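Coordinate inspection notes
Here is what each chain is made of, one letter per residue.
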Amino acid sequence: MPKSGWKLPLTATRPALLPGASDHLFRRLLYDMFTVGARMEEIRRRLGARIGLSGPQFTMMMAIAELEGASGVSVGRVAEYLHVAQAFITAESGKLAREGYIEKKPDSTDRRVSRLRISRKGGSALESLFPLLREVNDISFDLASRKRFETLCAAFDQLVDGSRRALTILKEDAVVPIRKAI
């Protein structure tokens, strides 16, 4: 098949992303991130399924357990921590409460706010996963040093913010479908 003569243009303009004036390494990084993201999603789904939860519900349970403290954690704080909509946390926390995995009670000072806590059933379910969870995390994040881990954390903090800002551009901009060339 003859070549069309078309060449893939650069997909970024920041010099840091273009070693040797090429975006090849950047593209490879994106593809690797897509692969890791899909695999992490599958890991999350499988861990959740072991205790009768969806992947997002498992993540929510872990976040609640991490954040609840002595008085529970608000729906809004969990949503902020996980970078998801508050409505999603409200809906899923209702399901988890009905199944007995969490306790969901109104805040003592502001009845509009729901406070979430892990129940005994939820705590037992999560605890049953920890031996496997530790093994999975140790394998997934087999980094050479704490410094590399800290660098990865800092880089992902920036990527979370940058991806939020990029998505805002795509949501605001009317996307016009590209028609097939005739």
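Up top is the structure these notes are about.
First, a word on scope: everything that follows refers to the structure included in this document. The shown structure was predicted, so the numbers you read here are calculated from the model rather than taken from an experiment.

For the rest of this paragraph, the subject is the sheet that holds strand β2 (residues 102–106). Taken together, the three strands give an open sheet; going across it, the order is β1-β3-β2, and neighbouring strands pair in antiparallel fashion. The sheet is open, and its two borders are formed by β1 (73–74) and β2, each paired with just one other strand. Where β1 meets strand β3 (residues 114–118), two bridges bridge the pair, whose relative direction is antiparallel. Bridge pairing in β3 links S74 to R115. Its contacts with the sheet place helix α2 (residues 55–67) against β1, β2 and β3, and it is angled at close to 95° to β3.

Further remarks concern the side chain of S74. Tracing the backbone through its elements, the reader meets S74 in strand β1. A polar atom in the side chain of S74 sits 3.0 Å from the backbone nitrogen of R77. Contacts of S74, omitting those with residues within four sequence positions, involve V113, S114 and R115.

Looking at where F26 falls in the secondary structure, it is placed in helix α1 (residues 24–50). Its relative accessible area of 18% is what places F26 among the buried residues. The sequence separation of F26 and L170 amounts to 144 residues, and the corresponding C-alpha distance is 20 Å. Residues in contact with F26, not counting those within four places in the same chain, are T11, A12 and L17.

On to the packing of α1 against helix α5 (residues 120–140). With their axes 11 Å apart at the nearest point, α1 and α5 run at an angle of 170° to one another. Regarding the angle of α1 to α5, the classification is roughly antiparallel. Here I43, L47 and R50 of α1 lie close against α5, whose contacting residues are L129, L132, L133, V136 and S140. Taken together, the residues of the contact of α1 with α5 sort by class into six nonpolar, one polar and one charged.

Cut-offs applied
Residues numbered from 1 in each chain as written. Predicted model: local features only at pLDDT ≥ 70, side-chain atom pairs only at ≥ 80, totals over all residues. Heavy atoms only, no water. Pairing = 2+ DSSP bridges. Helix = DSSP H or I, 4+ residues; strand = E, 2+ residues; numbered from the N terminus. Contact = heavy atoms within 4.5 Å. Axes fitted to C-alpha atoms, helices over the stretch in contact; angles between N-to-C directions. Polar contact = N/O pair within 3.5 Å; in protein donor to acceptor, adjacent residues only side chain to side chain. Buried < 20%, exposed > 50% of the residue type's maximum accessible area, 1.4 Å probe, protein only. Parallel < 35°, antiparallel > 145°, perpendicular 65-115°, else oblique. Nonpolar A, V, L, I, M, F, W, Y, C, P; charged D, E, K, R; others polar.

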